Amino acid sequence: MSDQIRIQLAIGLPWMAVLWALLFSQRPNLREIGTLGLGLGLFGVIMSLASDVFAGSRPEWVALEMLPGFALSFRLEPLGMLFALVASGLWIVTTCYAIGYMRAHHEGHQTRFYACFAIAMNAAMGAAMASNLFTLFVFYELMTLSTYPLVTHHGTEKAMLGGRTYLGILMSTSIAFLMLAIVWTWSKTGTLEFVPGGIFTEIHKQNLIGTTELTILLALFAFGTGKAALMPFHRWLPAAMVAPTPVSALLHAVAVVKVGVFTVMKIAVYTFGIELLHDTRISEWLMYVAGASVLIASLIALTKDNLKARLAYSTISQLSYITLGAALACPAGVIGGSMHIAMHAVGKITLFFCAGAIYVATHKTEISQMRGLGRQMPITMAAFLLGSFSIIGLPPFGGTWSKWYLAEGAAAINQPVFIAVLMISSLLNIAYLLPVAIGGFYLKGAQEQAGIKEAPLMCVLPLCLTALGGIALFFFADRLYEVLLPIAQSTS
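It should be emphasised that the depicted structure is a prediction, and the values quoted were computed from it without experimental measurement.

About the cut-offs
- Within each chain, residues carry numbers counting from 1 in the order of the written sequence.
- The predicted origin of the model limits local features to residues at a pLDDT of at least 70 and limits the giving and counting of side-chain atom pairs to 80 or more, whereas totals for whole chains, interfaces and linings rest on all residues.
- Computation of side-chain values: all heavy atoms of the structure, hydrogens and water removed.
- For helices the rule is a DSSP run of H or I covering at least 4 residues; for strands it is a run of E covering at least 2, with both sets numbered from the N terminus onward.
- Two things to know: the radius of gyration comes from C-alpha atoms, and the globule rule equals 2.2 Å times the number of residues to the power 0.38.
- A 1.4 Å probe rolled over the protein chains alone gives each residue an accessible area, and that area as a share of the maximum for its type sets the label: buried under 20%, exposed over 50%, partly exposed in between.
- Any N or O atom pair separated by 3.5 Å or less is treated as a polar contact, with the protein-specific requirement of one donor-capable and one acceptor-capable atom, and with residues adjacent in sequence counted only for side-chain atom pairs.
- Note on definitions: a residue-residue contact is assigned when non-hydrogen atoms from the two residues lie within 4.5 Å.
- Any two strands with at least two DSSP-identified bridges between them are counted as paired.
- Note on definitions: salt bridges are taken to be side-chain nitrogens of Lys or Arg within 4 Å of carboxyl oxygens of Asp or Glu.
- Between the N-to-C directions of two axes lies an angle of 0 to 180 degrees, each axis being a line fitted to C-alpha atoms and, for a helix, fitted only over the stretch in contact.
- Here is the rule for angles: anything less than 35 degrees is roughly parallel, anything more than 145 is roughly antiparallel, 65 through 115 is roughly perpendicular, and the remaining ranges are oblique.
- Classification convention: Asp, Glu, Lys, Arg as charged; Ala, Val, Leu, Ile, Met, Phe, Trp, Tyr, Cys, Pro as nonpolar; all other residues, Gly among them, as polar.
- Two rings from Phe, Tyr or Trp (for Trp, the six-membered ring) form a pair when their centres are within 6.5 Å of each other. A pair whose planes differ by under 30 degrees is stacked, one over 60 is edge-to-face, and the rest are tilted.
- Each crossing gets its handedness from the near helix: less than a right angle anticlockwise from the far helix is left-handed, clockwise is right-handed.
- Here, nonpolar core means buried Ala, Val, Leu, Ile, Met, Phe, Trp, Tyr and Cys residues that are tied together by side-chain atoms lying within 4.5 Å of each other.
- Patch criteria: residues need more than 30% relative accessible area and no salt bridge. Like-charged residues are merged within 9 Å; nonpolar side chains of Val, Leu, Ile, Met, Phe, Trp and Tyr are merged within 5 Å.
- All accessible-area figures derive from a Shrake-Rupley calculation using a 1.4 Å probe, and residue coverage is judged against the displayed protein chains alone.

Novice: Any details on the overall build of the chain? Residues and values, ideally.
Specialist: When its secondary structure is counted, the chain shows 20 helices and two strands. Taking 492 residues into account, the globule formula puts the C-alpha radius of gyration at 23 Å, and the chain, at 21 Å, falls close to it. In terms of principal-axis extent, the alpha carbons of the chain reach across some 75 × 55 × 45 Å. For the chain, the residues scored as buried account for 61% of the 492 residues in total.

Here's what the structure looks like:
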């Protein structure tokens, strides 16, 4: 099978899942089996591409050239390959989880849910494989539009308000800032292609663009990528917690926020170039914005009694680790931030799966109501504990290595303040995550938790798999480092 056909399949299989869900809307078993089967097929295609990309190949496909220099085209490199692997792999477990959750909770509009979820996965694949800023922007916007019906799934006044906040912030930032940055980039360079070393390097050497202009452009890209949830453009993320838990998992681990931080990292590496960012120091301010977001969001998380709200602010904090890695503008920072895309995805999806399982089994949403719950739901609470360890960065969990390389990057550019940020953040992670599991196992609830048992198997099995995945990432981190090394080498 040629590279072009495999890329076409990676883009097309999610649309086949959309058609399948609509075709079998009245036959839930067939609808969900087909969705799951197509998800497995997508992951298989991505895996076959990954082996070539990590061996040095750069498969590409030009789908459509609308205007000279504005082509809908795709090219795979290690960073995009990592994002595609994470998104396609977690689509499978999230689909399994959604089957258990949506049925156990008797959710309505399930066909719409699976169809929109599949469109979001198409957007994730398109963004991961984008060979230029134009293609990335198209799929970035498709991600926003396809997930809006998922955020407003329940159709209540609260859901609609959350959806308006979600759509308003993400669309306004991308149109006002991101689109402006893309047009500005085209006017200065005459290209939107992603190039190792960046497209601004040469024109900066020729004094055709100054550091002030580059700093403004970087700010437009950073804040225009609203899905990265940098403060103060972060409110859409907690507002979206009105959605069902499988949607929260999609938002926080699989696709939406990951396409945001992936965009920031991709632009830093392939539009600006890490060497340019380092030499001009134009990303130094972004380090402080990201570092502040890490700590402020963690402190807010401490104040939240609602479990999903606490996890939402945790996500804002963790995403800023990745932005910080890009802003550090050194090989270790880029590798650490890129690794954290995978590490955070597996850890955070575990925590959201657990929150959903608790809600299905008990209809409890507040942490203060979950004391003693570990005795009735030991598997779920144990998985929550393992997911927490991964987010905190304790060995033997994958988050250990991404934080290690981020700290190494901060040391390499003589910025010890960000080593302190990482350490303080990890302590705050302990403070807002571990009490949930400790209270579940060791504290007695105000009322007897009679009749409570584990959620259905299709909810429990995925959270067990992702909890173990956090451990697997610790032991396979050397392989992840190796495949990401070309990104750092091409920019050092």
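Read on, since the account is not over.
Novice: Could you give me a rundown of the side chain of Ser174, with the residues and numbers involved?
Specialist: Among the structural elements, Ser174 can be located in helix H6 (residues 157-189). Under the relative-accessibility criterion, Ser174 is labelled buried at 0%. Polar contacts involving the side chain of Ser174 include one to the main-chain carbonyl oxygen of Leu170, which spans 3.1 Å. Excluding anything up to four places from it in sequence, Ser174 contacts Phe137, Tyr140, Glu141, Met179 and Gly224.

Novice: I'd like to hear about the pairing of strand E1 (residues 60-67), residue by residue, with values.
Specialist: The pairing of E1 with strand E2 (residues 70-75) spans six bridges and is classified as antiparallel. Paired with Leu67 across the strands is Phe70, a residue of E2. The antiparallel hairpin formed by E1 and E2 contains two residues in its connecting segment, where Gly69 sits at a positive phi of about 90°.

Novice: Explain the pattern of salt bridges residue by residue, including any values.
Specialist: All told, the structure shown has 11 salt bridges when counted by the stated rule. Linking Glu60 and Arg75 is a salt bridge whose minimum nitrogen-to-oxygen distance equals 3.7 Å. With Glu60 in strand E1 and Arg75 in strand E2, this pair connects stretches of sequence that are 15 residues apart. Overall, Glu60 belongs to the partly exposed group, its relative accessible area being 42%. Looking at Arg75, the relative accessible area reads 23%, which means it is partly exposed. What you see here is one network of salt bridges that share partners, running through Asp3, Arg6 and Asp52.

Novice: Now, about the packing of helix H2 (residues 28-54) against helix H4 (residues 110-129): what can you tell me, with residues and values included?
Specialist: For any two helices packed against each other, the geometry is given by the interaxial angle and the distance between the axes. Relative to each other, H2 and H4 sit at 10°, their axes nearing to 11 Å. The angle between H2 and H4 places the two elements in the roughly parallel class. Residues Arg31, Glu32, Thr35, Leu42, Ile46 and Leu49 of H2 form the contact with H4, whose own contacting residues are Gln110, Thr111, Tyr114, Met125 and Met129. Considered class by class, the residues forming the contact of H2 with H4 number six nonpolar, three polar and two charged.

Novice: A description of the packing of aromatic side chains should follow, citing residues and the corresponding values.
Specialist: Overall, the coordinates contain 21 aromatic pairs when judged by the stated rule. Plain terms: the ring middles of Phe70 and Phe134 are 5.6 Å apart, the flat faces sit at 85° to each other, and that makes the pair edge-to-face. A residue pair is termed long-range when its members are at least 10 positions apart, and Phe70 in strand E2 and Phe134 in helix H5 (residues 133-151) qualify at 64 residues. A relative accessible area of 22% means that Phe70 is categorised as partly exposed.

Novice: Give me the lowdown on unusual backbone geometry, citing residues and values where you can.
Specialist: Look at the link from Met231 to Pro232: it is a cis peptide, with omega at 15°. Inspection of the secondary structure assignment puts Pro232 in the loop between helix H8 (211-224) and helix H9 (236-239). Residues Pro395 and Pro396 are joined by a peptide bond in cis, for which omega reads 0°. Within the secondary structure, Pro396 is located in the loop between helix H16 (378-392) and helix H17 (399-412). Positive phi is not limited to glycine here, since Asn207 has a value of about 60°. Judged by its relative accessible area of 68%, Asn207 is exposed. One non-glycine residue, Asn414, adopts positive backbone phi at about 60°. Structurally, Asn414 can be placed in the loop between H17 and helix H18 (416-442).

Novice: Explain the packing of helix H3 (residues 78-104) against helix H19 (residues 457-475) residue by residue, including any values.
Specialist: Remark: H3 packs on H19, axes separated minimally by 7 Å, with the N-to-C direction vectors making an angle of 155°. The angle between H3 and H19 falls in the class roughly antiparallel. With respect to the hand of their crossing, H3 and H19 are arranged in left-handed fashion. Contacts between H3 and H19 involve Leu90, Val93, Cys96, Tyr97, Ile99, Gly100 and Tyr101 from the first element and Met458, Cys459, Pro462 and Thr466 from the second. Classifying every residue of the contact of H3 with H19 by side-chain character gives nine nonpolar, two polar and no charged.

Novice: Can you break down the nonpolar core residue by residue, with the values?
Specialist: Core analysis: the largest hydrophobic core is formed by 162 residues, its most contacted members being Ile46, Met81, Met125, Met129, Phe221, Trp236 and Phe272. Ranked by the residues each element gives to this core, the list is headed by helix H15 (residues 331-362), at 17 residues. Among all residues touching Phe221, those that are not within four sequence positions of it are Leu133, Leu178, Ala181, Ile182, Thr185, Ile267 and Phe272. Judged by nonpolar contacts, the second largest core, of 19 residues, contains Ala222, Leu324, Ala407 and Val421.

Novice: How would you summarise a nonpolar patch on the surface if you had to cite specific residues and measurements?
Specialist: Together, Leu64, Met66 and Leu67 make up an exposed nonpolar region whose accessible area comes to about 300 Å². Among the structural elements, Met66 can be located in strand E1.

Novice: Describe the environment of Ser51, listing the residues and the values that go with them.
Specialist: With respect to the helices and strands, Ser51 occurs in helix H2. For the pair Ser51 and Met81, spaced 30 residues apart in sequence, the C-alpha separation works out to 9.8 Å. One polar contact links the side chain of Ser51 to the main-chain carbonyl oxygen of Ser48, over a distance of 2.9 Å.

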